[in-house]
Amino acid sequence: MTITRKYWIAGLLAVSAVALSSLVPGGPIETRSFAHIHPIVLGSFNTFLTMLSLLSLLLVYFVWQSRRWAFGGAAVCGLSYFLVYGLDLAQVFPVSPDAMPAALLIIEVLGTVLSVPLTLLAGQAVRQSTQPLGDAPSYAPEGTAIALPNTSQIVTGKRLGYALVLGSLAIGIITFATRSAMGL
């Protein structure tokens, strides 16, 4: 796999996440009302969209690290972006009685276009990677032992802190988006 490809994948993931994040209901772009959709359905959809954006941003780091599983995740995210935008553009779900604003239409068309190379490049990266799925790349010659400091407690504490911050952010975004989409 070429180094350039992983940077394209990471860049497409980041741009896709930012573009989708800009479409949070109640923001400057997504102004349609979805008050007619059941709150649980709307909340579930907003949870999916928020997780897709946050996961995409998290995957950028692991794509830079050339993790094969991250390329697989990027391909799934690319396909998810395609489906989310495609369903909305085809007026399948979510459907609003309000017209789609021009800025929203532009971002959704661009998001759909970007999702295709993201999915294809990430899929190629998975197929061409020689790394076993789930393993990190090894930079030491075979048979060389690498001594790592015992930092498991620090890493675990950091991960827990990151998870709490990310979870709080996600809950805030989902709550805001669902309330705004319902006109509350």
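Residues numbered from 1 in each chain as written. Predicted model: local features only at pLDDT ≥ 70, side-chain atom pairs only at ≥ 80, totals over all residues. Heavy atoms only, no water.

## Overview of the overall build of the protein chain
Using the following cut-off: Each helix is a run of H or I in the DSSP string that is no shorter than four residues. Each strand is a run of E no shorter than two, and both are numbered from the N terminus. Three labels apply to residues, based on accessible area from a 1.4 Å probe with only protein chains included: buried if under 20% of the type maximum, exposed if over 50%, partly exposed otherwise in between. All accessibility values rest on the Shrake-Rupley procedure with a 1.4 Å probe; residue burial counts only the protein chains present in the view.
Each helix and strand counted, the protein chain has five helices and zero strands in total. If you list the helices and strands of the protein chain from N to C, you get α-α-α-α-α. Across the 184 residues of the protein chain, 35% fall into the buried class. If you sum the accessible surface of the protein chain, you get close to 10800 Å²; carbon and sulfur atoms cover 71% of it.

## Some details on the environment of Ala70
Our working rule: When checking whether two residues touch, look at their non-hydrogen atoms; a contact exists if any pair is within 4.5 Å.
With respect to the helices, strands and loops of the structure, Ala70 is situated in helix α3 (residues 68–89). What Ala70 contacts, discounting residues up to four positions off in sequence, is Leu59, Phe62 and Val63.

## Focus: helix α4 (residues 102–128)
The line we're drawing: By definition here, a helix of n residues has an expected span of 1.5 Å times n minus one.
Helix length check: α4 (27 residues) gives 40 Å between terminal C-alpha atoms against 39 Å at 1.5 Å per residue, within 8%. Buried within α4 are the following residues: Leu104, Ile107, Glu108, Gly111, Thr112, Ser115, Leu118, Ala122, Gly123, Ala125 and Val126. Packed against the buried residues of α4 are α1 (3–21) and α3.

## Brief notes about the pattern of salt bridges
For clarity, the threshold we go by: Each reported salt bridge corresponds to a side-chain nitrogen of Lys or Arg within 4 Å of a carboxyl oxygen of Asp or Glu.
In total, this model carries two salt bridges according to the counting rule given. In this structure, Glu30 and Arg32 form a salt bridge, with 2.8 Å as the shortest nitrogen-oxygen distance. For the pair Glu30 and Arg32, one class covers both residues: buried. Between Asp88 and Arg32 there is a salt bridge whose closest N-O contact spans 2.9 Å. Of this pair, Asp88 sits in helix α3 while Arg32 is found in the loop between α1 and α2 (39–64), placing the two residues 56 residues apart along the sequence.

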